[in-house]
Every structure is written in C-alpha cells, then in structure tokens.
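Below, each chain spelled out in residue letters.
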Amino acid sequence: MEKIEKNLWEIYNDTQLKELEIFNEKYKAFLDAGKTERECVTEIIRQVEEAGYQNLYSMDSLKAGDKVYAAWMEKSIALFNVGNEPLEKGMNILGAHIDSPRLDLKQNPLYEESGFAYFDTHYYGGIKKYQWVTIPLSIHGVVVRKDGTKEVISIGEQENDPIFAVTDLLIHLSSKQLEKNAATVIEGENLDILIGSRPLQGEEKEAVAAKILKLLEDTYHIEKDDLMSAELEVVPAGKARDCGLDRSMVMAYGQDDRICAYTSLAAMLDVERVERTSCCILVDKEEIGSVGATGMNSKFFENAVADLYEKLGGFSELKLRKVLAHSTMISSDVSAAYDPMYTEVYDKKSTSFFGKGPVFCKHTGSRGKSGSNDANAEYIAKLRKVFDENTVSFQMAELGKVDAGGGGTIAYILAQYGMEVIDGGVAVLCMHAPWEISSKADVYEAYRGYCAFLRDMK
Ligand code: MN
Ligand code: MN
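Please read all numbers here as calculations on a predicted model, not as lab measurements.

## Focus: unusual backbone geometry
In this chain, aspartate 256 is followed by aspartate 257 through a cis amide linkage whose omega measures 10°. Residue position: aspartate 257 is located in helix H5 (residues 255-270). Its identity as a non-glycine residue notwithstanding, lysine 369 has a phi of 70°, on the positive side. Within the secondary structure, lysine 369 sits in the loop between strand S17 (365-366) and helix H8 (377-389). Judged by its relative accessible area of 44%, lysine 369 falls in the partly exposed class.

So, in structure tokens, the structure goes:
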C-alpha cells in the first residue's frame, strides 16, 4: 500500500468526521479538567475507574483480562491491560507527559510593594517570558498543612472567579524596554502575579498583604507558613476552544503534552481486549528533564511493572528485565508543525504539517542529535506496517532545521531497558506558548494510530 499523502480532512468519511468532532469535544474537556499534572492524574483515575480499572496496589493477585492502574504521588500514573500472552513477551507501551510549562509560586510567595500584593513566582519549563504578561491567569494546586490535611486550590476558571495577571510596561514608556533582547524584555524575576490592592482596615504595616492573608485564612483555612508546603501553579485561565472559522483546530493551554496523553489514554480505554499486554504511562517532570520521584527517570514505573508481575504470579528479577527489554513503545510528545510565518527554521522536506496525522521522529535532540533516542529501522518498518494496514496516516519528521534548536523527550529513558522505542506525537503550532494550537484531524488520527498500535503491534 502506498503512503497516504492527502490531507486527512479530504479522506475522512461522514462517520469519521462525526467521530472526530465527538473525540475532540472529549479532548477539550480533558484539557479543561487537567491543567496541572495532579489534576490530570485525578481526572485519569476518574476515567479509568469508570472503565473498570482497579488500583494495582490494592490487588492481591491478577490474571489475563485484568485492568489496573498505578498512580504515583498523585502526579504520574501507569495503566495496564493484561493480555493473554505471557508478560515476558513484552508489552505495547504508550507514553506521554502531563506536566506543562507554567509559573510556580515560590515557597515564600506573598509580598507587598507600593500598595500592591504579589505572589512571587519561578517559571517551570521553557517559556518565552514575554508571552505571559497581561493575560488572565489562574492558580491551581495544593497546600498541605502540618497535620497532613490538604487544601486543593483552583481559582480563576469559573465564570465568577477572580483572575490574576503579570503586568507589562505601558507602550508610552517603553522605548528603552523595546531595545532589549526578546529573551530579557521581561525578566524572570518580574513574572510575579498581581493578587491584590485593597488594605485590611485598621492594619498599619503591609495592609494589602494582610488582607490577602486574611482571605486565605477565611476561605481556605491556610496560614502564611502553610504556603511553604504548597505546590501552586499559575496557568492561563480559560477553557480550550475551537480555533478557526472552519473550527478545524483547537487552541488551548497545555497541549504539550496532554494532546498525546489524552489520545494515548483514550486508545488504552477503547482497545479493551488484547493479546499482548498494553500499558500507558503518563508522567510528570518532562519539561524539566524527567527528574524527581514522579519523572520518567524515577524507578516508579519499573516498580509498578515488578508489582504487576508479582501479582500475576511470575516475578523474578531476570523476567522483569525481559518484560521491559521485549516491550515496544511509542513515546509521544508534540512536534513542531510547519508554520508559514516562520519558514526559516523548518526543513520543509522533513517537517510535520497539520492534517497529515501523527508524527514519528527517528531522532530528536539537538546539535548533532545529542540527547536523542534512535528508533531502529526494523522497528519503524513494523510500525509502518501496523499503521498502513489500519489505514492510519502518519508523517516522518524532525523538529526544525538542522542546528535550528531541538528538544528532548522521555524516549531515551525507556530505551535504556533495551526496548524498541520511537518518538511519536502530534504536531502543534506555538509549542510552549500559553495557548497552543493543534489540528482536530491530527488529534483524531493519533488516537486511531495508538489504537492500531495497542491492538496489532507484535
Ligand atoms: Mn515541552
Ligand atoms: Mn513535551
């Protein structure tokens, strides 16, 4: 079969076009429900439990046909659908990350200056700082008190909620600022969010900050020191929306990489019966190097597989290594879609386009592929066969021109087990911007591709 080169919108039949719209509605709802890694894990657990998944850690034994999830520290999660084949033959794994670039509150966030109260922030992940000023922002996260009780916070998403902002200099006084390099035109230390301007009555010193503290105490029963043990994340306020007069695109925060997380999750839930065990891992901390106990470099995933194996009655250290070595994986992350406004950074022959389906990258990395995984030619041939036999469109691409920049993913980490791994994913415009843009057709086609992979990869 020849590779499909047509735009997906021209290929789909009426049934598929209807499915595409329904799928994207669910995708947008997922983006709205999960604006942080914690919120994503909560939403994923809700969806998988509804689909009959059970908590791996609460199970004594398992058998073929069982479906389980293993969440770690409320920020990462692995799903397993146990197949009929022995686990030792390996799993089909879909992986993606659920953390996204944002502004995090510092641990001593609250301060007052000249009648304004602010939350001090330190940005998370790679951002163009100038994109984060003068847009409505919301605060999401948790505050944990000394007694272990936890307050879950989400302010700025409901119609009547207040929102927050980082200020920018008025154009009238910006002649000096506009001469600065774009990387420093807004300084990282100036990305503090404005949270108040009203003094607490009768308070003499720092009355505006005092008013904020009182509000926190009255509304959330949080004291100033509780903010030390908090994870509060500032993200763009508002919902995912259709983009374009033809409504062919989605504009939303956090599509890197929830676009791949959601399509992988949906495939995992919809491919119910499998021969080869299927697995989906959705992890935290990719944007800062997959570090920490909940990042891909953590042993939590290996431990979960060991636990699964033990409960299937077959664990040994050697067998565990075989499971991982014999597995195949699509490590999904967003790719840079060709943007006609910025042609100079793309090699048009090796770039991804909207409407052409999910993207495979043999390599990622930068400066001569540094930091890359390398998908074997033999594995790519198998993937081509699975995708072609299921008439799923896909494209082979790299992220930008040689030496234009680059980026890393979680692919190389799983490849350390000796398993076959390829970087896959969905192309987006404005990656890492507060609002990113994707093609609804690519979202739907990625889902179709992931279903084919879980069902048919041997
Ligand atoms: Mn990213
Ligand atoms: Mn990513």
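## Quick look at a nonpolar patch on the surface
Where nonpolar side chains cluster on the molecular surface, the patch consists of Tyr57, Trp72 and Met73 and spans about 290 Å² of accessible area. Positionally, tyrosine 57 belongs in the loop between strand S1 (54-55) and strand S2 (67-72).

## Brief notes about the coordination of the manganese ion (ligand 1)
The coordination sphere of the manganese ion (ligand 1) contains the protein donors Asp256 (OD), Glu287 (OE), Glu287 (OE) and His432 (NE2), at a distance range of 2.1 to 2.6 Å. Each donor residue of the manganese ion (ligand 1) lies on one chain, and together they are spaced D-x30-E-x144-H. The distance between the manganese ion (ligand 1) and the manganese ion (ligand 2) comes to 3.1 Å, with aspartate 256 serving as a donor to both metals. One end of the pair, aspartate 256, is in helix H5; the other, histidine 432, is in the loop between strand S21 (427-429) and strand S22 (436-439), and 176 residues separate them in sequence.

## A short note on the sheet that holds strand S8 (residues 150-155)
Judged by pairing direction, the sheet is antiparallel, and its 6 strands sit side by side in the order S8-S7-S10-S5-S6-S9 without closing on themselves. Each end of this open sheet is capped by a strand with a single partner; those strands are S8 and strand S9 (193-196). Recorded for the sheet is a direction-independent mean angle of 30° between the axes of neighbouring strands. Examined bridge by bridge, strand S5 (residues 102-113) and strand S6 (residues 116-124) share 8 bridges and lie antiparallel to one another. Its bridge partner being in S6, leucine 110 is matched across the sheet by phenylalanine 119. Sheet strands touched by helix H3 (residues 37-50): S5, strand S7 (137-144), S8 and strand S10 (230-236). Its angle to S8, the strand with the most contacts, is close to 100°. Taken strand by strand, helix H4 (residues 207-220) contacts S5, S6, S8 and S9, and its axis lies near 125° from that of S5.

## Regarding the coordination of the manganese ion (ligand 2)
Each protein donor to the manganese ion (ligand 2) is listed here as His97 (NE2), Asp256 (OD), Asp333 (OD) and Asp333 (OD); together their distances run 2.1 to 2.5 Å. Within one chain, the residues serving as donors to the manganese ion (ligand 2) are arranged as H-x158-D-x76-D. The exposure class of aspartate 256 is buried, given its relative accessible area of 2%.

## Comments concerning the layout of surface pockets
Of the volumes computed, that of the largest pocket is approximately 1300 Å³. Surrounding the largest pocket, 48 residues form its lining, Ala336, Leu399, Gly406, Gly407 and Met431 being those nearest its centre. Listing elements by their share of the lining of the largest pocket, those giving two or more residues are strand S15 (335-336), strand S16 (359-361), S17, strand S19 (406-407), strand S20 (420-425) and S21. Ranked by residues supplied to the lining of the largest pocket, first place goes to S20 with 3 residues. Split by residue class, the lining of the largest pocket holds 18 nonpolar, 17 polar and 13 charged. Taken as a whole, the second largest pocket holds about 460 Å³ of empty space. Contributing to the lining of the second largest pocket are 22 residues, with Ile155, Phe164, Ile195, Ile212 and Leu215 lying nearest its centre. Of all the secondary-structure elements, those providing two or more residues to the lining of the second largest pocket are S7, S8, S9 and H4. By residue class, the composition of the lining of the second largest pocket is 17 nonpolar, 3 polar and 2 charged.

## So, the pairing of strand S14 (residues 328-332)
Consecutive side chains of a regular strand alternate in pointing toward one face of the sheet and then the other. Counting buried positions along S14 yields 5 of 5 residues, so the element is predominantly enclosed. Neither face of S14 is exposed, since Thr328, Ile330 and Ser332 on one face and Met329 and Ser331 on the opposite face are all buried. Two strands pair when backbone bridges link them, and S14 and S20 are joined in this way by 5 bridges, in the parallel orientation. Bridge pairing links isoleucine 330 to isoleucine 422 in S20.

## Some words on the pattern of salt bridges
It is possible for side chains bearing opposite charge to pair when their charged atoms get close. Applying the stated criterion across every chain yields a total of 29 salt bridges. For the salt bridge of glutamate 21 with lysine 440, the shortest nitrogen-to-oxygen distance reads 3.0 Å. You can see glutamate 21 sitting in helix H2 (residues 14-33) and its partner lysine 440 sitting in helix H10 (residues 440-456), a full 419 residues away along the chain. Among the residues examined, glutamate 21 registers a relative accessible area of 32% and is labelled partly exposed.

Analysis parameters
- Residues numbered from 1 in each chain as written.
- Chains lettered and ligands numbered in written order.
- Predicted model: local features only at pLDDT ≥ 70, side-chain atom pairs only at ≥ 80, totals over all residues.
- Heavy atoms only, no water.
- Helix = DSSP H or I, 4+ residues; strand = E, 2+ residues; numbered from the N terminus.
- Buried < 20%, exposed > 50% of the residue type's maximum accessible area, 1.4 Å probe, protein only.
- Patch = residues over 30% accessible without salt bridge, like charges linked within 9 Å, V, L, I, M, F, W, Y side chains within 5 Å.
- Areas by Shrake-Rupley, 256 points an atom, 1.4 Å probe, with all protein chains shown as cover.
- Salt bridge = Lys/Arg side-chain N within 4 Å of Asp/Glu carboxyl O.
- Donors = N, O, S within 2.8 Å, 3.2 Å for Na, K, Ca; no water.
- Pairing = 2+ DSSP bridges.
- Axes fitted to C-alpha atoms, helices over the stretch in contact; angles between N-to-C directions.
- Contact = heavy atoms within 4.5 Å.
- 1 Å grid on protein atoms, 1.4 Å probe; cavity = no way out; pocket = protein on both sides within 12 Å on 5 of 7 lines; lining within 4 Å.
- Points joined across faces, edges and corners; volume = space filled by probe spheres on them.
- Nonpolar A, V, L, I, M, F, W, Y, C, P; charged D, E, K, R; others polar.

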